[in-house]
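For reference, the chains in residue letters:
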Amino acid sequence: MDARKSTRTLMSNPLLSLRNIRLSLGGPPLLDDAGLEIYPNERVCLIGRNGAGKSTLLRIIAGETPFDSGERHQPAETVVAYLPQEVPETLPGTVEDVLRAGAAPDLADWELEARLDKVLGDMRLESAPPFTTLSAGMKRRALLGQCLMRGPDLLLLDEPTNHLDITAIGWMETFLAGYPGALLFVTHDRAFLHKLSTRILDLDRGKLISWDCDYPTYLRRKEEWLDAEARQNEVFDKKLRLEEAWLRQGIKARRTRNEGRKRALLAMREEHRRRRAREGSARMGVTEAARSGAVVIRAVGVSFDYGEGRLIDRLDLEIERGDRVGIVGPNGVGKSTLLRILLGELEPGSGKVTHGTKLEIAYFDQLRNRLDEDATVRDAVADGQETIEINGKRKHVVGYLEEFLFSRDRIRGPVRNLSGGERNRLLLARLFTRPCNVLVMDEPTNDLDMETLELLEDLLADFSGTVLIVSHDRAFLDNVTTDLLVMEGDGKVLPIAGGYADYELHKKRSAPAPPPSAVAKPKPASARMPKPRRFLNRERRELESLPREIEELESEQRQLTESLADPGTYRERPEGVEQARERLRQIEDSILEKFARWEELDILRKDLED
């Protein structure tokens, strides 16, 4: 058992507790008799769908938001600090000024200076730069430092990895794993959750449920719990129908001795009325255009300089139809620039980028797809029209938006009322109305809840076209990409077959061996063993798709062979003969490669799952 979990069971006094908290904002209660307790040394992850009220609950715990009824108890000695999701564009003063603003006013001068030095060192911050000059990621780090200046016993973090690149996320994981106080955090980053959390709090339809387990175990247990809830509701509804039929009999129901049964029926009616059905799952689907050519993008000797630095140095690259390419690297290294060069929106300094035939590109870019704050949600997708066309069929815009989990009230309301996750879902809904065979997505996972993230992964796995993705979400990359382009700085772009886990494995294998004196001694037998390698979702999907891909290649192979066997081909289209022969050679090579990959993945799956 994790030491942090066992500590909680021994503690009698929580750092903070909520009892029967209710909060309604006009519709169904956002919080419905919700309660929780946070104990010293815990690392608790709060999860729930977009709009469920996670940020509101954090603000209530922080003491910043009032509630309708219930109790919030914080012992006088407990210090709580709260890092909100939104990063302010401007704060006056330097980094040091921002940090000092977080310290308690009664702190002695010597203690203030000592804590300031420690926080600057822990956060790897310079004291002198003005806050406004920092990148979004460094601003978030400075604000976390401001929280730490209070020496909190309980640290509340709302999406702490937003605006951070993968390297910075790894640093934050390591720092928070060693933090001596308790953590309560909201995140959509499943790898971050999996590494840090010792307990999960699930906010579902206004109720808070605690799950003392890791995330994969939670997913299994929650599914079992929902199945049991559905069966229980089915039994309840059947009994309610029988009681209603009894009441309609009239005379028997009016007898005095049946008054108790009538009161029980009224209570059942009230319970049924108050029951909140679980929201459905989003049903995303891409409007696919006709297939593109076999080669989608080819880059030869591409270089690009920015100022005095080189972002890309002599890149050679070929992206084929069906590839799912992830682009990763530190903030500011040039990921979006590389994307724009590959799309032909930006000319390289040297080298050449060519596109294949029949490309229909849909581009998800949060910076350029800005939404009209005053427009309604429906107009943001349909521009005032009643219907939209999806895969050749007309669909009412309200029904389409309901598939993306928007309520009727949200659909009629203005964009400005949407949460961050709802805005992202709206951008996806608008994007997927456009026919495409190439999907380009720049940070599509920001603010999406985990269930919607997994549905987006499934959609991309089923998409028959090509996908280019910039993302810092390691689990998303592992589950979606077939290849990575890792921008390491100084113009280096490293191609990696697979996802982010494959890149980490590559780094370990490429790292120089430590000198004999630096080699760590073996851990005692009681130490936790490393987790075994698992068969990844993207590998499973690749394995399942290979037979279809091979069948398509063999079909094209038969057509070309028949064409070359026809004498008319040489009379009517002699210029295409050599192209057909070259394509036949490419197909033969591809079929051999895919059969080899099929065998490799099948053996790997059996080895890992046996």
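What counts, and where the lines are drawn
- Residues numbered from 1 in each chain as written.
- Predicted model: local features only at pLDDT ≥ 70, side-chain atom pairs only at ≥ 80, totals over all residues.
- Heavy atoms only, no water.
- Helix = DSSP H or I, 4+ residues; strand = E, 2+ residues; numbered from the N terminus.
- Buried < 20%, exposed > 50% of the residue type's maximum accessible area, 1.4 Å probe, protein only.
- Contact = heavy atoms within 4.5 Å.
- Salt bridge = Lys/Arg side-chain N within 4 Å of Asp/Glu carboxyl O.
- Phe/Tyr/Trp six-rings, centres within 6.5 Å; stacked < 30°, edge-to-face > 60°.
- Lys NZ or Arg CZ within 6 Å of the ring centre and 35° of its normal.
- Pairing = 2+ DSSP bridges.
- Axes fitted to C-alpha atoms, helices over the stretch in contact; angles between N-to-C directions.
- Arc of directions from axis to C-beta.
- Core = buried A, V, L, I, M, F, W, Y, C linked by side-chain atoms within 4.5 Å.
- Expected span 1.5 Å × (residues − 1).
- Patch = residues over 30% accessible without salt bridge, like charges linked within 9 Å, V, L, I, M, F, W, Y side chains within 5 Å.
- Areas by Shrake-Rupley, 256 points an atom, 1.4 Å probe, with all protein chains shown as cover.
- Lys, Arg positive; Asp, Glu negative; His and termini not counted.
- Charge placed at Lys NZ, Arg CZ, Asp CG, Glu CD.
- Left-handed = near helix turned anticlockwise from the far one by under 90°.
- Nonpolar A, V, L, I, M, F, W, Y, C, P; charged D, E, K, R; others polar.
- Right-handed = clockwise from strand over helix to strand, strands pointing away.

Quick look at the environment of G309 now. Mapped onto the elements, G309 comes out in strand β11 (residues 309–320). The spacing of G309 and G491 is 182 residues in sequence and 8.3 Å in space, taken between C-alpha atoms.

By secondary structure assignment, the location of G351 is in strand β13 (residues 350–355). On the basis of relative accessibility, which here comes to 44%, the residue G351 falls in the partly exposed class. If we skip the residues at most four places from it in the chain, G351 touches V300, G301 and V302.

Moving on, we come to the pattern of salt bridges. All chains considered together, the criterion is met by 37 salt bridges. The partner of R314 in a salt bridge is D313, with the nearest N and O atoms 3.3 Å apart. The exposure class assigned to R314 is exposed, which follows from its relative accessible area of 62%. Take D313: its relative accessible area is 27%, and that puts it in the partly exposed class.

As enumerated under the stated definition, the model contains eight aromatic pairs in all. Measuring from centroid to centroid gives 6.0 Å for F595 and W598, while their planes differ by 15°, and the two rings are stacked. In this pair, F595 and W598 both sit in helix α20 (residues 577–609), three residues apart, roughly one turn of the helix. A residue is classified by how much of its surface remains accessible, and F595, at 36% relative accessible area, is partly exposed. In textbook terms, an aromatic cluster arises when at least three aromatic residues are bridged by ring pairs, as seen for W211, Y215 and Y218. The lysine or arginine in question, R425, covers the ring of F406, its NZ or CZ lying 5.2 Å from the ring centre.

What follows concerns the sheet that holds β13. The strand order across the open sheet built from three strands is β11-β10-β13, with neighbouring strands paired in antiparallel fashion. In this open sheet, the two strands that pair with only one neighbour each are β11 and β13. Looking at each pair of strands side by side, their axes are set apart by 15° on average, direction ignored. Alignment of strand β10 (residues 295–306) against β11, held across eight bridges, turns out to be antiparallel.

Within an α-helix, residues lying three or four positions from one another point in the same direction, as the helix has 3.6 residues per turn. Within helix α17 (residues 500–510) the residues assigned to the buried category are Y500, D502 and Y503. Each buried residue of α17 sits inside an arc of 155° when the element is viewed along its axis, so together they form one side. Every exposed residue of α17 that faces more than 90 degrees away from the buried side is listed here: K508 and R509.

Before going further, it helps to examine the nonpolar core. Counting 45 residues, the largest nonpolar core has I47, M123, L144, L148, L155 and L176 as the members making the most contacts within it. The biggest single contributor to this core is helix α6 (residues 166–177), with six residues. Those residues in contact with L176, other than ones at most four positions away along the chain, are R43, L155, L157, L183, F192 and L196. By size, the runner-up hydrophobic cluster in this structure holds 38 residues, among which are I388, M441, L453 and I469.

Moving on: helix α4 (residues 109–123). Between its first and last C-alpha atoms α4 spans 21 Å; for 15 residues at 1.5 Å apiece the expected length is 21 Å, and the two agree. Those residues of α4 that sit buried are L112, L116, V119, L120 and M123. Here the buried residues of α4 occupy an arc of 100° about the axis, which is enough to place them on one side. Residues of α4 that are exposed and point over 90 degrees away from its buried face: W110, D117 and K118. Where α4 is buried, its residues contact α3 (95–100), α5 (136–148) and α6.

To continue, consider a negative patch on the surface. A contiguous patch of negative charge, built from E320, E588, D589 and E593, is present on the exposed surface. In terms of residue count, the dominant contributor to the negative patch is α20 (three residues). Its place among the elements puts E588 in helix α20. Residue class for E588 comes out partly exposed when judged on its relative accessible area of 40%.

So, on to the environment of P14. Looking at the secondary structure, you find P14 in the loop between α1 (3–10) and β1 (16–23). Look at P14 and you get buried, because its relative accessible area is 18%. Placed 22 residues apart in sequence, P14 and L36 show a C-alpha to C-alpha distance of 9.7 Å. With residues near it in sequence (within four places) discarded, P14 still touches E37, I38, Y39 and P75.

So, on to the packing of α4 against α5. Axis separation between α4 and α5 bottoms out at 10 Å; the angle between their running directions is 145°. Note on packing geometry: the crossing formed by α4 with α5 is right-handed. Packed against α4, whose contacting residues are R115, V119 and M123, the element α5 presents R141, L144, G145 and L148 at the interface. Taken together, the residues of the contact of α4 with α5 sort by class into four nonpolar, one polar and two charged.

On to the sheet that holds β1. Backbone hydrogen bonds hold the strands of a sheet together, and the pairing may be parallel or antiparallel. With antiparallel pairing, the three strands of this open sheet are ordered in space as β2-β1-β4. In this open sheet, the two strands that pair with only one neighbour each are β2 (31–38) and β4 (69–73). Within the sheet, the average angular offset between the axes of one strand and its neighbour, ignoring direction, is 10°. Relative to β2, β1 runs antiparallel, the two being bridged by five bridges. Paired with I21 across the two strands is A34, which belongs to β2.

Here Q85 lies in the loop between β5 (80–83) and α3. Take Q85: its relative accessible area is 18%, and that puts it in the buried class. Residue contacts for Q85: discarding those within four places in its chain leaves S55, R140, D158, E159, N162 and D447.

With a phi angle near 55°, R205 is a residue other than glycine that sits in the positive phi range. Within the secondary structure, R205 sits in the loop between β8 (199–204) and β9 (207–211). Its identity is not glycine, yet D383 carries a phi of approximately 50°, on the positive side. Judged by its relative accessible area of 66%, D383 falls in the exposed class.

Quick look at the pairing of strand β18 (residues 466–470) now. Counting buried residues along β18, five of its five residues qualify, which places the element largely inside the surrounding structure. Of the two faces of β18, the one holding T466, L468 and V470 and the one holding V467 and I469 are both buried throughout. Note: strand β12 (residues 324–328) against β18, four bridges, orientation parallel. Across the sheet, G326 pairs through a bridge with I469, a residue of β18. Sheet topology note: the strand β17 (residues 438–442)/β18 ladder contains five bridges and is parallel. Bridged to L439 within β18 is V467. Each parallel crossover has a hand, and for β17 linked through helix α15 (residues 450–462) to β18 it is right-handed.

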